[in-house]
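Coordinate inspection notes
Below, each chain spelled out in residue letters.
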Amino acid sequence: MGVEQKLGNMGVVTTTLEQAVNWSRTRAMWPMLFGLACCAIEMMATQASHYDMSRFGMELMRPSPRQSDLMIVAGRVSRKMAPVLRRLYDQMPEPKWVISMGDCASCGGVFNNYAIMQGVDEVVPVDVYVAGCPPRPEGLIHGIVTLYEEVRSMKFAEVK
Amino acid sequence: MLNLRVLMDKKLQAIVQKLEKEFGATASEYRGNVTLVIPAEHVEAACKKMQELGFELLSAMTAVDYWPQENPRFHVIYQFTSVSKNLSLTLRVPVPGINPGLPTVSHLYRNANWREREIWDMFGIKFAGHPDLRRILMPADWEGHPLRKDYPLGYEEPQFTFNFEEIDLRKPYAKE
């Protein structure tokens with residue numbers, strides 16, 4: 001910030017490439033539509049105008065995994081849906097992140113039985129877990145902001 | 001038994017009497033719904049008879065597991081509705097627990113196809129003559145039949161703070 005003020009008149013800012021790339025990644029991260037159950041309603045509410053997710057760069061949600069970088073798994077994942085989830089995760093281009101939204105995606109939630117996967121981290125690696133049943137829109141936004149802070153501190157050497 | 005006859009519809013009464021005589025069924029009635037218990041060897045003939053008597057719709061088909069209280073263990077329940085006569089009737093078929101099986105009725109009632117697949121998936125009752133008997137709700141390579149009473153109720157041990165680490169070591173996390 002200090003550098004900007006000093007050189008503001010000249011229109012020049014100095015930064016590292018890592019910081020610039022990470023900043024731009026957080027400013028336009030497109031989530032993939034993966035609303036499965038009740039948490040999807042809260043995700044839709046967060047995307048709508050009252051709690052706006054476009055302020056965080058998520059202007060639109062791409063249904064295609066090839067055009068998105070963030071997968072918000074919103075809702076319970078059944079055992080039959082698990083290979084489909086993994087396939088869609090594999091189809092996303094690098095760099096990609098996963099937010100597991102809600103209790104069912106994080107740990108199985110209220111469903112401790114044969115049909116529901118006990119946490120989506122059995123098939124995909126998760127970056128941020130958002131708790132709640134369903135999490136309030138502010139909760140999801142807090143999860144997104146936490147993810148952004150993690151992305152801002154990523155180093156190039158860590159990218160797989 | 002007197003109450004039973006008084007409450008039933010006249011048409012239904014005639015049908016119930018016919019089925020009782022032909023298949024050795026026992027009738028019971030609860031809040032206006034009539035149930036007939038039919039032995040397993042007469043299932044296909046009884047369903048054919050129901051179709052002839054005007055019950056063109058198999059509205060529901062399911063199964064119950066009464067282990068360990070009752071033997072035979074499974075009851076397969078067929079619920080028929082006659083749209084033309086505005087009647088409904090239920091058939092119960094007791095099925096023993098060892099090698100449970102019944103003849104299929106999917107050639108008589110087309111919608112029995114998926115319901116028999118669901119009963120196979122959840123209870124393990126095989127339907128002889130079914131064109132495509134495979135799992136419908138669980139993944140294809142699943143072992144076990146979940147809705148039986150001896151299938152475990154929960155899937156994993158809940159993690160509390162005192163056993164968090166030991167369960168965490170056993171949890172199947174995904175590789176990247």
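Structural data are supplied above this passage.
Summary of the structure given here. (Residues numbered from 1 in each chain as written. Chains lettered and ligands numbered in written order. Predicted model: local features only at pLDDT ≥ 70, side-chain atom pairs only at ≥ 80, totals over all residues.)

Some words on the overall build of chain B
What chain B contains, in helices and strands, is five helices and seven strands. Order of helices (α) and strands (β) in chain B, N terminus to C terminus: α-α-β-β-α-β-β-β-β-α-β-α. Taking 16 Å as the expected radius of gyration for a compact globule of 176 residues, we find that chain B reaches 21 Å, considerably beyond that expectation. Principal-axis analysis of the C-alpha atoms gives chain B an extent of 65 × 35 × 30 Å. Put simply, chain B has 176 residues, and 23% of those count as buried. The long-range fraction of contacts in chain B, counting pairs at least 24 apart against all pairs at least 6 apart in sequence, stands at 47%. (Helix = DSSP H or I, 4+ residues; strand = E, 2+ residues; numbered from the N terminus. Rg over C-alpha atoms; globule rule 2.2 N^0.38 Å. Buried ≥ 20, exposed ≤ 12 C-beta atoms within 10 Å, placed from the backbone. Contact = placed C-beta atoms within 7 Å.)

What to know about the sheet that holds strand β4 (residues 128-130) of chain A
All names here are of chain A. Ordered by their spatial adjacency, four strands build an open sheet running β1-β2-β3-β4, and the pairing between neighbours is parallel. Two strands in the sheet have a free side with no partner beyond their single neighbour: β1 (31-32) and β4. Of the strands in this sheet, β3 (97-101) and β4 touch helix α6 (residues 137-152), which is tilted by about 170° from β4. (Pairing = 2+ DSSP bridges. Axes fitted to C-alpha atoms, helices over the stretch in contact; angles between N-to-C directions.)

Concerning the nonpolar core
Membership of the largest hydrophobic core comes to 32 residues, with the highest contact counts inside it found for B:Leu36, B:Ala46, B:Val76, B:Val93, B:Leu102, B:Ile119 and B:Ile125. Contributions of two or more residues to this core are made by α2 (10-23), β2 (33-37), α3 (43-52), β3 (57-65), β4 (74-82), β5 (87-95) and α4 (112-123) of chain B. Top element by residues in this core is α4(B). It accounts for five residues. Those residues in contact with B:Ala46 that sit more than four places away from it in its chain are B:Leu19, B:Phe23, B:Ile38 and B:Leu91. In terms of nonpolar packing, the next biggest core, distinct from the first, is built from 30 residues, A:Cys39, A:Trp97, A:Val128 and A:Tyr148 among them. (Core = buried A, V, L, I, M, F, W, Y, C linked by C-beta atoms within 7 Å.)

What about the interface of chain A and chain B?
Taken together, the contacts link 12 residues of chain A with 11 residues of chain B. The residue inventory of the side of chain A that touches chain B, partitioned by class, reads four nonpolar, three polar and five charged. (Nonpolar A, V, L, I, M, F, W, Y, C, P; charged D, E, K, R; others polar.)

Concerning the pairing of β2(B)
All names here are of chain B. What you see with β2 is a clean split: Val34 and Leu36 sit on the buried side and Asn33, Thr35 and Val37 on the side with no burial. Pairing of strand β1 (residues 26-30) with β2, which is carried by five bridges, proceeds in the antiparallel orientation. Residue pairing across strands places Thr26 opposite Val37, the latter belonging to β2. Taken together, β1 and the strand that follows it, β2, pair antiparallel across an intervening segment of two residues, in which Arg31 is found at a positive phi of about 55°. In this sheet, β5 lies alongside β2 in parallel orientation, the contact comprising three bridges. In the sheet register, Val37 faces β5, and the bridge partner there is Arg92.

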